[in-house]
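Chain and residue survey
Each chain is listed here by its residues.
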Amino acid sequence: MPPSHPSTGPTDGPTDGPPDGPGERPAGPFAGPSDDGALFGLDELPTQTPAGATGKPRFRDSPEARRMLAVREIHAEPGAAASPRGRQILAAYPEAEVVPVDSHWRIPDLHGNKGNAERWVRVKSTVLVLGEKKTLTVRPNGRSADWIAPGAANGCAMACAYCYVPRRKGYANPITVFTNIERIVSRLRRHVTEQGPKSEPNQCDPAAWVYDIGENNDCSVDALISENTADLIHAFTRWPTAKASFATKFVNPDLLDLDPRGRTRVRFSVMPPDDSRLLDIRTSPVERRIAAAGDFLEAGYEVHFNLSPVVIRPGWEQAWAELLQHMDDVLPRAVKDQAAAEVIMLTHNRDLHDVNMAWHPRAEDALWRPELQQAKRSENGSWNVRYRNADKAEAVGTVRRLVAEHAPWLTIRYAF
Ligand code: SF4
């Protein structure tokens, strides 16, 4: 979820971008042959889901799934297609054409920014990519989570105008599902074990190490396609010192059946509905995300909020005040008692601005405000843009004041 759904904001550092190197086998007590899941990874995979028995993910027939995805074409690395998870996904879409590819990362016909938005959205809803994630890095974060987990997917079927996820592949960035989920789970298990208990509380969590499992993807949408999200949620129920966390803009009711036992934090991203209608393309309406909070809490999730991105535009303070008041009016007491939030001001990008001008210039009226913004060249050479320091500090102060006034129960974990 940018100051958006991938929750940590644009990062210049390595994520799971190219190249997916030769594969990490870190040293440590769990390194060695068991690293591939042969000894302990597989026994952690879902025992509560029918997919393993039927080979058919259970989520894809919901109305939400049909609205979001109509898969017609699957580009698959041979190893990914032959894996158990790959076979499950292929079996779930028997009508789809399977196109073999050498690398999930280099599919020129799919990626890039050529073409209009209709084409991109069609690609996002009709195309999947199956690949194997080779670089299984757990990165320190300290904002949305203590650690960024190696993602089980990359890309998104939604199309928010400010999203940083496509920055490497281009806007037409359909979901790549990583099929070697057992290696991802095993890598996480090793990392959790190596950390031991958390010795000092921090803003991420007072007691548990928090792992963001959705940096470059939306786990709720991924759960429409495969059991990867379920596997991760299920794995964290067995690790009492750790907690999974992901931000989302999509309400997938099927997640309510996963029994996370308090070990997964869902962070519903919210912004004023007018901003969302302009900027959050293909997402669940903000009011729906807020309305779902009580159900998710009852189902065993921790429920936080991601107040992002905060977009400075005429009337933004009033719009945020109304949003926060709405949350205060409708959220159950139980949600309020455990809720916390992160506040992330908009960051943007020169290249993304140019892309958006070609298909959604109205969004740029809100996102591209040179008189308020400053640019900084990122490590990959592109220009990232954020609000000037003084304007940003003032706006962060305004959001804090509005929260104190309209939603005083909402602890702000951090704001930047
Ligand atoms: S396009 Fe997807 S990944 Fe990007 S911000 Fe929107 S919901 Fe999140």
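Residues numbered from 1 in each chain as written. Predicted model: local features only at pLDDT ≥ 70, side-chain atom pairs only at ≥ 80, totals over all residues.

As recorded in an unreviewed UniProt entry, the chain goes by the name Spore photoproduct lyase family protein, listed as coming from Streptomyces ficellus.

We now examine the environment of Asp-351. Residue position: Asp-351 is located in helix H13 (residues 350–359). C-beta crowding within 10 Å serves as the criterion here: with 17 such atoms nearby, Asp-351 is assigned to the partly exposed category. When the C-alpha positions of Asp-351 and Trp-383 are compared, they lie 7.5 Å apart, and in sequence the two are 32 residues distant. (Helix = DSSP H or I, 4+ residues; strand = E, 2+ residues; numbered from the N terminus. Buried ≥ 20, exposed ≤ 12 C-beta atoms within 10 Å, placed from the backbone.)

Attention shifts here to the pairing of strand S10 (residues 264–270). Counting buried residues in S10 gives 7 out of 7 residues, a clear majority hidden from the surface. Residues Thr-264, Val-266, Phe-268 and Val-270 point to one face of S10 and Arg-265, Arg-267 and Ser-269 to the other, with burial holding for every one of them. Relative to S10, strand S9 (residues 242–248) runs parallel, the two sharing 5 bridges. Note on S10: the bridge partner recorded for Ala-244 is Thr-264. Pairing of S10 with strand S11 (residues 302–310) involves 6 bridges; the strand directions are parallel. Each residue of the ladder has a partner; that of Arg-265, found in S11, is Glu-302. (Pairing = 2+ DSSP bridges.)

Now for the packing of helix H11 (residues 316–330) against helix H15 (residues 389–406). Taken N-terminus to C-terminus, the directions of H11 and H15 make an angle of 35 degrees; their axes are 9 Å apart at the nearest point. Taken as a pair, H11 and H15 cross one another with a handedness that is right-handed. Packed against H11, whose contacting residues are Glu-317, Trp-320, Ala-321, Leu-324, Gln-325 and Asp-328, the element H15 presents Thr-398, Val-399, Leu-402, Val-403 and His-406 at the interface. Taken together, the residues of the contact of H11 with H15 sort by class into 6 nonpolar, 3 polar and 2 charged. (Axes fitted to C-alpha atoms, helices over the stretch in contact; angles between N-to-C directions. Left-handed = near helix turned anticlockwise from the far one by under 90°. Contact = placed C-beta atoms within 7 Å. Nonpolar A, V, L, I, M, F, W, Y, C, P; charged D, E, K, R; others polar.)

A few words on the nonpolar core. With 109 residues, the main nonpolar core has Leu-128, Tyr-211, Ala-293, Val-303 and Val-310 as its most contacted residues. Residue contributions to this core peak at 6 residues, all from helix H10 (residues 286–298). (Core = buried A, V, L, I, M, F, W, Y, C linked by C-beta atoms within 7 Å.)

We now examine the sheet that holds strand S14 (residues 373–377). Read from one edge of the open sheet, 3 strands run S13-S15-S14, paired in antiparallel fashion. Taken across any chain shown, the strands that pair with only one partner, and hence form the sheet edges, are strand S13 (347–349) and S14. Geometrically, the sheet is characterised by an average inter-axis angle of 30 degrees between neighbouring strands, direction not taken into account. Relative to strand S15 (residues 383–387), S13 runs antiparallel, the two being bridged by 3 bridges. When the sheet's bridge partners are listed, Thr-347 is paired in S15 with Arg-386. The strands touched by H13 are S13 and S15; relative to S13, the strand with the most contacts, the crossing angle is about 75 degrees.

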